[in-house]
Amino acid sequence: MKKTLLLLLCLVLSALSFGQKQFLIDEIITASSNDLRLGLSHHLSPNEGSDSFLANKAVVLELTHGFSRRWGFGPYLGVHPCSELSLLQPSDSKTYSEKAAFSFGLTSSIHLLPFFVLDAPHFDAYLAGRLGGCFISTLFLEYDLRAGLGYYFNRHLGLYLEASYANTPLLIQQEQSLTPPHLQCLFGLSFKF
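Residues numbered from 1 in each chain as written. Predicted model: local features only at pLDDT ≥ 70, side-chain atom pairs only at ≥ 80, totals over all residues. Heavy atoms only, no water.

Draft legend 1. Highlighting empty space enclosed by the protein. With the rule as written, the count across this model stands at 1 cavity of 30 Å³ or more. If you add up the space inside the largest cavity, you get close to 110 Å³. Looking at the lining of the largest cavity, the elements that each hand over two or more residues are strand 1 (34–46), strand 2 (53–66), strand 3 (71–87) and strand 6 (139–152). Of the residues contributing to the lining of the largest cavity, the split by class is 5 nonpolar, 7 polar and 3 charged. (1 Å grid on protein atoms, 1.4 Å probe; cavity = no way out; pocket = protein on both sides within 12 Å on 5 of 7 lines; lining within 4 Å. Points joined across faces, edges and corners; volume = space filled by probe spheres on them. Helix = DSSP H or I, 4+ residues; strand = E, 2+ residues; numbered from the N terminus. Nonpolar A, V, L, I, M, F, W, Y, C, P; charged D, E, K, R; others polar.)

Following this line, the structure appears as structure tokens:
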């Protein structure tokens, strides 16, 4: 009797392990291969020394390769205006000059719906993050943590909206960022291929 129960237990465990392996293979094969996103972001950041808000727009291009239906990874590239603060010595008055800032780095996303729903073809809820650099006159560290929601009209074309906490430099002085970490809103088009 013990040998029969042991044999039955071994058969059940091997079937479960085969099923898990097959699930992982299906998960990788059915992953959407690439997601190209073009977005416009709006930064809300407290200005140095005042209670006003710096409103700054950025254009971001992001390419994410889906390694499974739940996880994607890839590069991003962005451009936004940045204000450089220079203090004039005789009068100590502040002057601002506008510069273009270029952001680049890596992005990663975890898609939440495949954990709970087997098939949700029109919606995509995800958490994402970026880590990279922002080049103005020198290189600054840039990161953000995002939560997003996408809606797809068909298998390829959709819209997305994200809210994030970022440290993108918007105001600099003598190669030092004066912008504290801030909130950011991002929306745009998504194209899966």
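Draft legend 2. Geometry of the side chain of Arg70. Here Arg70 is to be found in the loop between strand 2 and strand 3. Looking at Arg70, its side chain comes within polar contact range of the main-chain oxygen of Pro114, at 3.1 Å. (Polar contact = N/O pair within 3.5 Å; in protein donor to acceptor, adjacent residues only side chain to side chain.)

Draft legend 3. Fine view of the state of the cysteines. Counted according to the given criterion, the structure contains 0 disulfides. Left unpaired, Cys82 is separated from the closest cysteine sulfur, that of Cys134, by 6.8 Å. Classification of Cys82 by relative accessible area gives buried; the value is 1%. (Disulfide = S-S within 2.5 Å. Buried < 20%, exposed > 50% of the residue type's maximum accessible area, 1.4 Å probe, protein only.)

Draft legend 4. Highlighting the nonpolar core. Ranked by size, the top nonpolar core spans 6 residues in total: Cys82, Ala101, Cys134, Ile136, Phe140 and Ile172. Residues contacting Cys134, with those up to four places away along its chain left out, are His80, Ala101, Phe102, Ser103, Leu139, Phe140, Glu142 and Pro169. The next biggest cluster of nonpolar side chains, apart from the first, holds 5 residues, and it includes Val60, Tyr126, Ala128 and Tyr160. (Core = buried A, V, L, I, M, F, W, Y, C linked by side-chain atoms within 4.5 Å. Contact = heavy atoms within 4.5 Å.)

Draft legend 5. Focus on the environment of Asn34. With respect to the helices, strands and loops of the structure, Asn34 is situated in strand 1. Residue classification places Asn34 among the buried positions, given a relative accessible area of 19%. C-alpha separation for the pair Asn34 and Phe73, spaced 39 residues apart in sequence, amounts to 9.5 Å. Excluding residues that lie within four positions of it along the chain, Asn34 makes contacts with Leu63, Thr64, His65, Phe191, Lys192 and Phe193. A polar contact is formed between the side chain of Asn34 and the side chain of His65, at a distance of 3.1 Å.

Draft legend 6. View of the pattern of salt bridges. One pass over the structure, following the stated rule, counts 9 salt bridges. The partner of Lys99 in a salt bridge is Glu84, and the shortest N-O contact between them spans 3.1 Å. Of the two residues, Lys99 sits in strand 4 (residues 94–111) while Glu84 sits in strand 3, which places them 15 residues apart along the sequence. Note that Arg130 and Asp144 form a salt bridge whose closest N and O atoms lie 3.1 Å from each other. With a gap of 14 residues between them, Arg130 in strand 5 (residues 123–135) and Asp144 in strand 6 connect regions that are remote in the sequence. Arg130 gets classed as buried once you look at its relative accessible area, which sits at 8%. Classification of Asp144 by relative accessible area gives buried; the value is 4%. Taken together, the salt bridges that share partners define one network made up of Asp35, Arg37, Glu62, Asp124, Arg130, Asp144, Arg146 and Glu162. (Salt bridge = Lys/Arg side-chain N within 4 Å of Asp/Glu carboxyl O.)

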